[in-house]
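Inside the fold
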Amino acid sequence: LFYHQNAYSPKFDKNRSVCIDSLFFNPDGTIQKVVPTNRGVGITNAASKIQIDRYSDISEGAKIEFVDTTNTFEGWKTVFENNGAWVKYNAVEFGKKLKKVQVKAISTSGGTVEIRLDNIDGPVIANVVIPEGLDWNISETRVSKIQPGIHSLIVVSKNDAVIKADWVQFSK
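Let us look at the structure shown here.

Conventions used here
Residues numbered from 1 in each chain as written. Predicted model: local features only at pLDDT ≥ 70, side-chain atom pairs only at ≥ 80, totals over all residues. Heavy atoms only, no water. Patch = residues over 30% accessible without salt bridge, like charges linked within 9 Å, V, L, I, M, F, W, Y side chains within 5 Å. Areas by Shrake-Rupley, 256 points an atom, 1.4 Å probe, with all protein chains shown as cover. Salt bridge = Lys/Arg side-chain N within 4 Å of Asp/Glu carboxyl O. Helix = DSSP H or I, 4+ residues; strand = E, 2+ residues; numbered from the N terminus. Pairing = 2+ DSSP bridges. Axes fitted to C-alpha atoms, helices over the stretch in contact; angles between N-to-C directions. Core = buried A, V, L, I, M, F, W, Y, C linked by side-chain atoms within 4.5 Å. Buried < 20%, exposed > 50% of the residue type's maximum accessible area, 1.4 Å probe, protein only. Contact = heavy atoms within 4.5 Å. Lys, Arg positive; Asp, Glu negative; His and termini not counted. Charge placed at Lys NZ, Arg CZ, Asp CG, Glu CD. Phe/Tyr/Trp six-rings, centres within 6.5 Å; stacked < 30°, edge-to-face > 60°.

Points about a nonpolar patch on the surface
Together, L1, L23, F25 and I31 line one region of the surface with nonpolar side chains, adding up to about 390 Å² of accessible area. Structurally, L23 is set in the loop between β2 (17-20) and β3 (44-45).

Encoded structure:
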């Protein structure tokens, strides 16, 4: 489904962003409700920088903001405001032998994000510690064995510290 909206032009409401989301059908041929996302369609390679602000689903306590409000061309970040806040990014292609995950994030009081696969109750593949600080850091940790294939990626805040995350990336 193609449509447009103006979420990415907050200071000028006449601009439009083109959006696309997948259509799914019920067994009887009727169309399932389409919930607008920032994710769009397509498969993302897990070894690329996954911009989780382009989520396919988001919980209360998580929101999207500019990385830098004085330079909006820097893009967007995901803000986790409390324990249990999460974002889901669907259709990530995991190849063989991915052993590490990196998260670019910042937290003035430090915190932890949990990386899960497939759904909010899915298997935990990593807990990434975000150090306390005023600057963006790239935190890295090992991941549990990941079954190759296409999975949804769920990033969950594991404490009440405010954590701002830019991207997630997996590597060998």
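Describing the sheet that holds strand β6 (residues 76-80)
Sheet architecture is open: five strands sit in the order β5-β6-β13-β8-β11, paired in antiparallel fashion. Each of the sheet's edge strands pairs with one partner strand only, and the pair in question is β5 (62-66) and β11 (137-142). Strand-to-strand, the axes of this sheet are offset by a mean angle of 40°, without reference to chain direction. Note that β5 and β6 share five bridges and pair antiparallel. Of the residues in β6, the one forming a bridge with E65 is K77.

A short note on the nonpolar core
Among the nonpolar cores identified, the biggest contains 30 residues, and F80, F94, L153 and F170 are the most heavily contacted of them. Mapped by element, the contributors of at least two residues to this core are β7 (86-94), β8 (100-106), β9 (111-117), β10 (124-130), β12 (149-157) and β13 (163-171). Residues in contact with F94, not counting those within four places in the same chain, are A46, L117, I146, Q147, P148, G149, H151, L153 and F170.

What about a positive patch on the surface?
A cluster of like positive charges, contributed by K96, K97, K99, R142 and K172, occupies part of the molecular surface. Turning to its location among the elements, R142 is positioned in strand β11.

Some remarks on unusual backbone geometry
For A91, which is not glycine, the phi dihedral falls at a positive 60°. Positionally, A91 belongs in strand β7. The exposure class of A91 is buried, given its relative accessible area of 18%. With a phi angle near 65°, K97 is a residue other than glycine that sits in the positive phi range. Along the chain, the position of K97 falls in the loop between β7 and β8.

Some details on the packing of aromatic side chains
With the rule as written, the count across this model stands at two aromatic pairs. When the ring of F66 is compared with that of W76, the centres are 4.1 Å apart and the planes differ by 25°; the resulting orientation is stacked. Residue F66 is located in strand β5, and its partner W76 is located in strand β6; the two are separated by ten residues in the primary sequence. Of the residues examined, F66 reaches a relative accessible area of 16% and is grouped as buried. Between F94 and F170, the ring centres sit 5.0 Å apart and the planes meet at 75°, which makes this aromatic pair edge-to-face. A residue pair is termed long-range when its members are at least 10 positions apart, and F94 in strand β7 and F170 in strand β13 qualify at 76 residues. Each member of the pair, F94 as well as F170, is classed as buried.

Observations concerning the pattern of salt bridges
Taken as a whole and assessed by the stated rule, the structure comprises five salt bridges. With its nearest N and O atoms 3.1 Å apart, the salt bridge here joins K63 to E81. Separated by 18 residues along the polypeptide, K63 in strand β5 and E81 in the loop between β6 and β7 bring together distant segments of the chain. Take K63: its relative accessible area is 32%, and that puts it in the partly exposed class. Residue E81 is classed as partly exposed on the basis of its relative accessible area of 36%.

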